[in-house]
Amino acid sequence: MEMFKSSPYNVLIPVEESAEYLLFNTLTGGIEVFARSEGEMLAEIFMLKEFSVDSFGDRDYLFEYLLEREYVLEAGKNIIDVFEKYTERNQFKNSGTIFLTIGTTITCNMGCPYCFEFVKPNHTLKDDKVKAKTVDYIEQIICKADRKIHSLNVTWYGGEPLINVKAIIDISKGFFELSEKYQLDYDAKIITNGIYLTEENVRTLITCRVSSAQVTIDGAKRVHDKKRPLKQKNGENYFKILKNLALLPEGININVRLNVDKEVAASAEDLLDDLNAFKIWPHKHRQFNFDPAWLRSYEEIKLSEEEQDTRIHVDEFFEFKQNFRLSLVRRLNSWAERNGGKRAKLKWDLPKYQSTCATWASPVSLVVDPNGYIHKCWETIHDDSKAPTSIFEEYNPAVFEYYSSFNRYTHNNVCRNCKYLPVCDKISCSH
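So, how was this worked out
Throughout this description, residue numbers start from 1 for each chain and increase along the sequence as written. Restriction of local features to residues with pLDDT of at least 70 applies here, the model being predicted, together with a cutoff of 80 or more for giving and counting side-chain atom pairs; totals for whole chains, interfaces and linings are based on all residues. Side-chain numbers here rest on the full set of heavy atoms in the structure, without hydrogens or water. Each helix is a run of H or I in the DSSP string that is no shorter than four residues. Each strand is a run of E no shorter than two, and both are numbered from the N terminus. Restricting the calculation to C-alpha atoms gives the radius of gyration, and the globule rule supplies 2.2 Å times the number of residues raised to the power 0.38. Relative accessibility thresholds used throughout: buried, under 20% of the residue-type maximum; exposed, over 50%; partly exposed, between the two (1.4 Å probe, protein chains only). Residue contacts follow a heavy-atom distance rule, with two residues in contact if any of their heavy atoms lie within 4.5 Å. Where accessible areas are quoted, they stem from the Shrake-Rupley method and a 1.4 Å probe; at the residue level, only the protein chains shown are allowed to cover. For the purpose of charge, His is not counted, nor are the chain termini; Lys and Arg are scored as positive and Asp and Glu as negative. The atom standing in for a charge is NZ when the residue is Lys, CZ when it is Arg, CG when it is Asp and CD when it is Glu. Geometry of aromatic contacts follows a simple scheme: Phe, Tyr and Trp rings, the Trp one being its six-membered ring, pair when their centres are within 6.5 Å, and the pair is stacked under 30 degrees between planes, edge-to-face over 60, tilted otherwise. DSSP calls a pair of strands paired once it identifies at least 2 bridges connecting them. Here the term right-handed applies to a crossover when the path leading from its first strand over the helix to its second strand runs clockwise, the strands being oriented away from the viewer. Axes here refer to lines fitted to C-alpha atoms; in helices the fit is confined to the stretch in contact. Angles between the N-to-C directions go from 0 to 180 degrees. Within this scheme, the nonpolar core is defined by two criteria: the residues are buried Ala, Val, Leu, Ile, Met, Phe, Trp, Tyr or Cys, and they are joined through side-chain atoms within 4.5 Å.

> A description of the overall build of the chain should follow, citing residues and the corresponding values.
Of regular secondary structure, the chain possesses 14 helices and 14 strands. Relative to the compact-globule value of 22 Å for 431 residues, the chain shows a C-alpha radius of gyration of 24 Å, a close match. When burial is assessed residue by residue, the chain has 49% of its 431 residues classed as buried. Within the chain, residue pairs in contact and separated by at least 24 positions form 70% of the contacts whose partners lie at least 6 positions apart. Within the structure as shown, the chain displays about 22000 Å² of accessible surface, and the carbon and sulfur contribution to it stands at 50%. A distance of 5 Å separates the average location of the 56 positive side-chain charges in the chain from that of its 63 negative side-chain charges.

Given below as structure tokens:
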């Protein structure tokens, strides 16, 4: 008789409120909802080291369903082989895409105390040789890469990248030529604090085929202006960002990031009130997305007692995130009812499959700083000593072997045997 076993990546969760069970597989991302009777039966079967189809009684249809979707595996199947094949297929580093980040400047007009760029040298990408060699280096990668390159994905970065719009314009022209010459899919985004996201600059970005921008707004004015202070005294901060977003034309999408601590969480509803008052959101809901993030700490930053008191536990963050999502749906539906729009539904917020960072591990992905040094992590762009090579050297994938050999799935033997490893975002940062 053929024997089977439960996938070690199954998570079976009773939902008392609805008398149901959720079955989630962290490796495949599959999710199912079962009635309580089926869930209880699965809980018993999945406890067994091995089982046969007979264990399902007259529910053999359920067995076939679970087998087809890899919740159930043949008993002799080597789960490590399954894991390796699946993860290899889903690694960004093997995708044929160049993930390129370019720092147009290290200079920033804000002095955020939590920023990981502890030292900000006054480096700005103005040298035409650096611009030209950046394009040339990417062409070398396209021609020499082991895998056929089909996509070029660019992120404009800083400091504050819009301090140096000219670099974006100049280098984009070269990338457009490469994309046409080698028939590449091209996409670009920008990470900005929003102060210089003026209507003129946005038009320029759209011309440069920048399709999205990440803008950080840490709560309402009283909190945001403290967390993300301008270096120029008496400059308009929070409301300047909102005014810019209010004038946002179609053709570019905005991802609003919130770095969440207790103060940001407490003022989030006021932020949503302000976005509504400026007719930004829900009015332009098709252009806007929200991305709450748990505020990280860096060893190099010595937090004051007050700052330590504002940090939140991860459980508090997820509670905030869920309540924030519910608030967004309520607000959007209220607006839709008044304006004849379509009602929204709360989407599943499932754990996401985590891939080894492509910028670090892919031999064709890189970060270029304003001086032309090549980094393998955004977080070292301000430190020349962390750059393994530069665009003025010939492209040689062997230079990146140390980085390419990293695999988040084999990095730690304890993690290796954890059913949550495929979706664990606590070990995603290779740096």
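Alright, that's what it looks like, and here's the rest.
> Describe the packing of aromatic side chains, listing the residues and the values that go with them.
A full pass over the atoms with the stated rule returns 19 aromatic pairs. Plain terms: the ring middles of Phe 4 and Phe 63 are 4.8 Å apart, the flat faces sit at 70 degrees to each other, and that makes the pair edge-to-face. Residue Phe 4 is found in strand 1 (residues 4-6), and its partner Phe 63 is found in helix 2 (residues 60-68); the two are separated by 59 residues along the sequence. Judged by relative accessible area, Phe 4 falls into the buried class, the value being 6%. Looking at Phe 63, the relative accessible area reads 3%, which means it is buried.

> Help me get a handle on the pairing of strand 7 (residues 151-157), residues and values and all.
By the criterion of burial, strand 7 is predominantly enclosed, with six of the seven residues buried. Judged from the seven bridges that link them, strand 6 (residues 97-103) and strand 7 form a sheet pairing that is parallel. Looking at the pairing, Thr 97 lines up with Ser 151 of strand 7. Bridging between strand 7 and strand 8 (residues 185-192) involves six bridges; their strand directions are parallel. Bridging from a neighbouring strand, Leu 152 pairs with Tyr 186 of strand 8. With helix 5 (residues 165-182) bridging strand 7 and its parallel neighbour strand 8, the resulting β-α-β unit is right-handed.

> Could you give an account of the sheet that holds strand 4 (residues 31-35), with specific residues and numbers?
Taking strand neighbours across the sheet as the criterion, the three strands line up as 2-3-4 in an open arrangement whose pairing is antiparallel. A strand with exactly one partner marks an edge of an open sheet, and here the two such strands are strand 2 (10-15) and strand 4. Adjacent strand axes in the sheet meet at a mean angle of 20 degrees, parallel and antiparallel pairs treated alike. The pairing of strand 3 (residues 20-25) with strand 4 spans five bridges and is classified as antiparallel. Looking at the pairing, Tyr 21 lines up with Phe 34 of strand 4.

> Provide a residue-level description of the pairing of strand 9 (residues 210-216), including the pertinent values.
Counted residue by residue, strand 9 has five buried out of seven residues, so it is predominantly covered. When strand 8 meets strand 9, the two strands line up parallel, connected through five bridges. Paired with Ile 190 across the two strands is Ala 213, which belongs to strand 9. A crossover connection joins strand 8 to the parallel strand 9 through helix 6 (residues 199-207); in handedness this β-α-β unit is right-handed. Note that strand 9 and strand 10 (residues 253-260) share five bridges and pair parallel. Pairing of Ser 212 across the sheet is with Asn 253, part of strand 10.

> Any details on the nonpolar core? Residues and values, ideally.
Among the nonpolar cores identified, the biggest contains 82 residues, and Leu 100, Ile 138, Trp 156 and Phe 175 are the most heavily contacted of them. Apart from residues no more than four positions distant in its own chain, Leu 100 is found in contact with Ile 138, Leu 152, Asn 153, Val 154, Thr 155, Phe 175, Leu 366 and Val 368. In terms of nonpolar packing, the next biggest core, distinct from the first, is built from 14 residues, Phe 34, Leu 42, Phe 46 and Phe 56 among them.

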